[in-house]
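Remarks on the overall topology
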Amino acid sequence: QVTTRDIHRAYNANLELYSTPEQVRASHILLKTTAGKAEADVKARAEQVLKEAKGGSDFAALARKYSEDEASAKRGGDVDFFGRGKMVPEFDQVAFTLPPGQISGLVKGQFGFHIIKVTDKKAAVTRSLDEVRPQIADELAWERAQTQAADLAAAMEKEISRPADLDTVGTARGLKVQESGFFTREEPIMGLGPSPQAAAEAF
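For every chain, the first residue of its written sequence is number 1, and the numbers climb from 1 along that sequence. Since the coordinates come from a predicted model, pLDDT governs what is reported: local features require at least 70, and pairs of side-chain atoms require 80 or more to be given and counted, while whole-chain, interface and lining totals use all residues. Excluding hydrogens and water, the side-chain figures rest on all heavy atoms present in the structure.

So, the nonpolar core
Considering soluble globular proteins, one finds that nonpolar side chains tend to be buried as a cluster. Spelled out, the test is: In this description, a nonpolar core means a group of buried Ala, Val, Leu, Ile, Met, Phe, Trp, Tyr and Cys residues linked to one another through side-chain atoms lying within 4.5 Å. Only protein chains enter the calculation, and the probe is 1.4 Å; a residue is then buried if its accessible area is under 20% of its type maximum, exposed if over 50%, and partly exposed in between. Helix and strand assignments come from DSSP, with helices taken as H or I runs of at least 4 residues and strands as E runs of at least 2, each series counted from the N terminus. Every residue pair with non-hydrogen atoms within 4.5 Å of one another is taken to be in contact.
Within the largest apolar cluster, 13 residues are counted, with the highest numbers of intra-cluster contacts made by Ile-29, Leu-31, Val-49, Ala-53, Phe-59, Ile-103 and Ile-115. The set of elements that each furnish at least two residues to this core consists of strand S2 (23-32), helix H2 (39-54), helix H3 (59-66) and strand S5 (112-122). Looking at this core, the element that brings in the most residues is H2, giving 5 residues. Ignoring any residue separated from it by four or fewer positions in sequence, one finds Ile-103 in contact with Leu-50, Ala-53, Lys-54, Phe-59, Leu-98, Ile-115, Ile-116 and Lys-117. Listed in part, the 12 residues of the second largest apolar core include Phe-82, Val-88, Val-107 and Ile-116.

Observations concerning unusual backbone geometry
The phi torsion at Asp-80 lies on the positive side, around 65°, for a residue other than glycine. With respect to the helices and strands, Asp-80 occurs in strand S3 (residues 78-83). When its relative accessible area of 39% is taken as the criterion, Asp-80 is described as partly exposed.

Right, here's the structure in full:
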């Protein structure tokens with residue numbers, strides 16, 4: 001049995017499980033400052049691309065043409081939705097500050113210079129208790145059933161010392177002894193399904 005109080009307690013104790021943090025969707029153009037490149041030259045190129053972006057040029061087209069982040073460049077610079085801490089700190093800070101539709105200035109990160117355009121934002125959301133009540137009730141009931149089954153098995157183990165005890169102890173508790181038939185070490189056991197531990201004990 002799971003009470004309303006049990007459900008409330010479990011909800012409050014695990015609130016982060018039912019919460020989705022703030023997320024932002026952004027596109028970016030990356031010009032890398034890798035070994036062999038003069039940072040001043042890379043920055044000059046990035047400033048020129050930024051000028052085009054701020055001047056109204058199609059951002060996705062610019063990303064496909066100039067961005068050195070190959071994975072996102074194919075998608076017009078889109079890196080999809082992400083939460084805080086998923087990107088390098090400099091990228092994160094700017095992306096979560098800009099309003100949708102805005103283009104950043106040059107953002108210097110560990111990989112090079114980014115030009116970031118925020119395309120969408122999702123506010124943090126917490127599912128209500130009423131929404132998750134059935135889920136919590138099922139989880140608590142399953143956990144308690146597992147605990148009760150383990151306790152029952154432990155108690156029965158102490159009462160069974162020879163094969164004949166299986167029937168008497170089982171019958172006394174309203175349980176039925178079932179025969180499995182032959183099985184190999186690897187295959188599921190009739191009545192148990194896949195159970196490596198039981199197969200190991202049997203062999």
